[in-house]
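Take a look at the letters that make up each chain.
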Amino acid sequence: MSSEMAILTSPDLGVAFLTLFALELVLGIDNVVFISILTTRLPERQRARARTIGLGLALLMRILLLAIASWIIGLTATIFSIGDAAALQFSGRDLILLLGGLFLVYKAVTEIHDKLEGEDAESTGRASTSATFAGVIVQILLLDAVFSLDSVITAVGMVDQLSIMIAAVTLSIGLMMIFAGRISSFVNRHPTVKMLALSFLVLIGSTLIAEGFDIHIDKPVIYGPIAFAMAVEALNLTYRKRQAARATTQQGD
């Protein structure tokens with residue numbers, strides 16, 4: 001039976017598919033924000049290609065990890081420990097989450113520092129001379145691996161049919177590919193949105209580090225404040241837009 005027919009004929013699978021799709025969509029948005037920030041250091045002509053390749057690699061990595069799900073589950077077995085505390089029992093998954101979280105925090109803090117103290121690519125109108133296309137793709141790939149590992153472990157716990165998991169992953173990444181350019185342009189056009197996005201990446205990176213120490217943080221605790229902050233920023237953007245429109249109207253009069 002195809003994945004489409006299975007979803008239609010089984011309410012439980014349909015709910016699992018929609019839940020998994022929503023999860024992958026959230027993680028996909030995280031990827032797009034990170035990719036949009038990294039690609040601003042490339043020449044304009046290379047940014048769209050880098051975004052497409054980055055999301056394409058994310059899709060391929062998720063499908064590959066889903067195909068070897070039994071090995072992924074094995075990554076939760078303890079490799080070594082430091083003392084008897086549960087938080088210091090480290091598995092392969094824990095190490096990947098720790099390293100990925102540290103890398104994400106480092107990159108986000110570095111970008112915040114460059115924006116506050118240095119000259120970033122958007123303000124100068126040129127790409128960073130230290131950034132290369134291959135280097136940006138490697139950084140995207142590293143974070144794709146972290147996001148993919150976490151989402152695949154969750155997916156395997158929710159659904160036991162590979163076709164359903166692949167369908168949810170493919171649909172979510174496909175939507176991200178369609179809207180990646182718009183999301184990237186919006187983030188880069190609004191400095192306050194970019195700063196907010198970088199702060200979110202620090203928060204998500206810190207969450208990954210906590211997960212690496214087996215300190216579980218419920219997703220609503222993380223995404224609830226993020227959603228609230230985004231709503232406040234949306235009000236600020238609307239206010240500034242209307243103020244600019246009023247100023248233009250007054251000048252015309």
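Residues numbered from 1 in each chain as written. Predicted model: local features only at pLDDT ≥ 70, side-chain atom pairs only at ≥ 80, totals over all residues. Heavy atoms only, no water.

Bringing the layout of surface pockets into the picture now. One water molecule sets the probe size; rolling that probe over the atoms shows where empty space is left. Considering only enclosed or pocket space, the largest pocket measures out at about 500 Å³ in volume. Around the largest pocket, the lining is made up of 20 residues, and of these Ile-29, Val-33, Phe-200, Ile-226 and Met-230 lie nearest the centre. No other element matches helix α10 (residues 219-252), which puts seven residues into the lining of the largest pocket. Partitioned by chemical class, the residues of the lining of the largest pocket number 18 nonpolar, no polar and two charged. (1 Å grid on protein atoms, 1.4 Å probe; cavity = no way out; pocket = protein on both sides within 12 Å on 5 of 7 lines; lining within 4 Å. Points joined across faces, edges and corners; volume = space filled by probe spheres on them. Helix = DSSP H or I, 4+ residues; strand = E, 2+ residues; numbered from the N terminus. Nonpolar A, V, L, I, M, F, W, Y, C, P; charged D, E, K, R; others polar.)

All right, on to the packing of helix α5 (residues 92-117) against helix α9 (residues 191-212) then. One can describe the packing of α5 onto α9 by two numbers: an axis separation of 7 Å at closest approach and a directional angle of 155 degrees. Judged by the inter-axis angle, α5 sits roughly antiparallel to α9. Remark: the crossing between α5 and α9 carries left-handed chirality. Its residues placed into classes, the contact of α5 with α9 shows 17 nonpolar, six polar and six charged. (Axes fitted to C-alpha atoms, helices over the stretch in contact; angles between N-to-C directions. Parallel < 35°, antiparallel > 145°, perpendicular 65-115°, else oblique. Left-handed = near helix turned anticlockwise from the far one by under 90°.)

Quick look at the pattern of salt bridges now. Side chains carrying opposite charge are able to pair once their charged atoms draw close together. In this structure the tally under the stated criterion is two salt bridges. Of the charged contacts, one joins Glu-44 and Arg-47 as a salt bridge, the two residues approaching to 3.0 Å between their closest N and O atoms. Within this pair, Glu-44 and its partner Arg-47 are both found in helix α3 (residues 44-67), separated by three residues, close to a single helical turn. Its relative accessible area of 59% is what places Glu-44 among the exposed residues. Given a relative accessible area of 15%, Arg-47 falls into the buried group. The closest approach of N and O atoms between Glu-233 and Arg-240, which form a salt bridge, is 3.2 Å. Since its relative accessible area comes to 11%, Glu-233 is described here as buried. (Salt bridge = Lys/Arg side-chain N within 4 Å of Asp/Glu carboxyl O. Buried < 20%, exposed > 50% of the residue type's maximum accessible area, 1.4 Å probe, protein only.)

To continue, consider the packing of helix α8 (residues 162-189) against α9. Contact pair α8 / α9: the axes reach a minimum separation of 5 Å and the direction vectors enclose 110 degrees. Considered as vectors, α8 and α9 are oriented roughly perpendicular to each other. Residues Phe-186, Val-187, Asn-188 and Arg-189 of α8 form the contact with α9, whose participating residues are Pro-191, Val-193 and Lys-194. (Contact = heavy atoms within 4.5 Å.)

To continue, consider the side chain of Thr-207. Tracing the backbone shows Thr-207 in helix α9. There is a polar contact of 2.9 Å between the side chain of Thr-207 and the backbone oxygen of Leu-203. (Polar contact = N/O pair within 3.5 Å; in protein donor to acceptor, adjacent residues only side chain to side chain.)

You can see Leu-25 is positioned in helix α2 (residues 11-39). Judged by its relative accessible area of 23%, Leu-25 falls in the partly exposed class. Distance from Leu-25 to Leu-175, taken between C-alpha atoms, is 8.2 Å for residues 150 residues apart in sequence.

A separate point is α8. Taking 1.5 Å of rise per residue, the 28 residues of α8 would be expected to cover 40 Å, and the 39 Å separating its terminal C-alpha atoms lies within 8% of that figure. Along α8, the helix axis deviates most sharply at Phe-179, where the bend reaches about 55 degrees. Within the span of α8, buried status applies to Ile-164, Met-165, Ala-168, Val-169, Ser-172, Ile-173, Met-176, Ala-180, Ser-184, Val-187 and Asn-188. (Expected span 1.5 Å × (residues − 1). Bend = angle between axes of the 7 residues up to and from the residue.)

This part is about unusual backbone geometry. The phi dihedral of Asp-214 is positive, around 60 degrees, even though this residue is not glycine. Inspection of the secondary structure puts Asp-214 in the loop between α9 and α10. Using a relative accessible area of 43% as the deciding quantity, one classes Asp-214 as partly exposed.

Below, the discussion takes up α3. Taking 1.5 Å per residue as the helical rise, α3 with its 24 residues ought to reach 34 Å, and the 36 Å between its terminal C-alpha atoms agrees with that figure. Among the residues of α3, those classed as buried are Arg-47, Ala-50, Arg-51, Gly-54, Leu-55, Gly-56, Ala-58, Leu-59, Met-61, Arg-62, Leu-65 and Leu-66.

Together, Leu-64, Ile-68 and Trp-71 give the surface a local cluster of nonpolar side chains, amounting to about 310 Å² of exposed area. Mapping Leu-64 onto the fold places it in helix α3. (Patch = residues over 30% accessible without salt bridge, like charges linked within 9 Å, V, L, I, M, F, W, Y side chains within 5 Å. Areas by Shrake-Rupley, 256 points an atom, 1.4 Å probe, with all protein chains shown as cover.)

Once that is clear, we can look at the packing of aromatic side chains. Each pair of aromatic rings is reported with the distance of its centres and the angle of its planes. Summed over the entire model, instances satisfying the criterion amount to one aromatic pair. Between Phe-90 and Phe-213, the aromatic rings sit 5.7 Å apart at their centres with planes inclined by 70 degrees, giving edge-to-face as the arrangement. Taken together, the residues span a long stretch of sequence, with Phe-90 in strand β2 (residues 89-91) and Phe-213 in the loop between α9 and α10 at a distance of 123 residues. On the accessibility criterion, Phe-213 (29% relative accessible area) is partly exposed. (Phe/Tyr/Trp six-rings, centres within 6.5 Å; stacked < 30°, edge-to-face > 60°.)

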